[in-house]
Amino acid sequence: LAYEATADLKLSEKNVTTPMGQAHGAKLEEKIGLVPVLRAGLGMVEGIWEMMPSAEVWHIGLFRD
């Protein structure tokens, strides 16, 4: 689900120095906010956050009458 949702995000190429040498990667150009829908979404947000550590997690509190 996250792969398809992020397929069209703008990326820039970035080289990173690792213990094994140089690695080619990508950096997000846009600011990302993850807004999980409570209960089901909370379980998925951690895995997506590992994929995009620069993303912020936002929580919106709503209630119904």
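Going by the structure above, here's the rest.
Below, the structure is looked at part by part. (Residues numbered from 1 in each chain as written. Predicted model: local features only at pLDDT ≥ 70, side-chain atom pairs only at ≥ 80, totals over all residues. Heavy atoms only, no water.)

### Focus: the overall build of the chain
Under the convention used in this document: Strands here mean DSSP runs of E at least two residues long; helices mean DSSP runs of H or I at least four residues long; both are numbered from the N terminus. Radius of gyration here uses only the C-alpha atoms, and the compact-globule reference equals 2.2 Å multiplied by the residue count raised to the power 0.38. The cut-offs for exposure are 20% and 50% of the maximum accessible area for each residue type, with area from a 1.4 Å probe on protein chains only; residues under the lower value are buried, those over the upper are exposed, and the others partly exposed. Working rule for contacts: check all heavy atoms of both residues, and any pair within 4.5 Å makes them a contact.
Counting secondary structure elements, the chain contains 2 helices and 4 strands. What you see for the chain is a C-alpha radius of gyration of 15 Å, clearly larger than the 11 Å of a compact globule of 65 residues, by over 25%. Overall, the chain is about 55 × 25 × 20 Å in size when its C-alpha atoms are taken along their principal axes. Put simply, the chain has 65 residues, and 14% of those count as buried. Considering only residue pairs separated by 6 or more positions, the chain has 20% of its internal contacts joining residues 24 or more positions apart.

### Considerations on the pattern of salt bridges
Put simply, the rule is: When a carboxyl oxygen of Asp or Glu lies within 4 Å of a side-chain nitrogen of Lys or Arg, that pair is called a salt bridge.
Per the counting criterion, the structure on display carries 1 salt bridge. The salt bridge involving lysine 31 is made with glutamate 56; its shortest N-O contact spans 3.6 Å. Note that lysine 31 is positioned in the loop between strand S2 (21-28) and strand S3 (33-34) and glutamate 56 in strand S4 (residues 56-57), a separation of 25 residues in sequence. Accessibility expressed as a relative area gives 67% for lysine 31, which makes it exposed.

### Concerning the nonpolar core
To be explicit about the condition: Residue types Ala, Val, Leu, Ile, Met, Phe, Trp, Tyr and Cys, when buried and joined through side-chain atoms within 4.5 Å, form a set referred to as a nonpolar core.
In this structure, Leu9, Ile32, Leu34, Val45, Met52 and Ala55 together form the largest nonpolar core, which totals 6 residues. Apart from the residues within four sequence positions on either side, leucine 34 is in contact with Val45, Ile48, Trp49, Met52, Ala55, Glu56, Val57 and Trp58.

### Some remarks on the pairing of S2
This is how it is decided: Pairing between two strands requires that DSSP report at least two bridges joining them.
Of the strand pairs in this sheet, strand S1 (residues 11-18) and S2 are connected by 8 bridges, and their pairing is antiparallel. Counted as the bridge partner of lysine 14 is glycine 25 from S2. Adjacent in sequence and paired antiparallel, S1 and S2 are bridged by 2 residues.

### Overview of the environment of proline 19
On the secondary structure map, proline 19 appears in the loop between S1 and S2. Given the relative accessible area of 88%, proline 19 is considered exposed. For the pair proline 19 and alanine 5, spaced 14 residues apart in sequence, the C-alpha separation works out to 32 Å.

### A short note on the environment of leucine 38
As for its position among the elements, leucine 38 is in the loop between S3 and helix H2 (40-51). Exposure remark for leucine 38: the relative accessible area of 57% places this residue in the exposed category. Put simply, leucine 38 and tryptophan 58 are 20 residues apart on the chain and 11 Å apart in space, counted from C-alpha to C-alpha.

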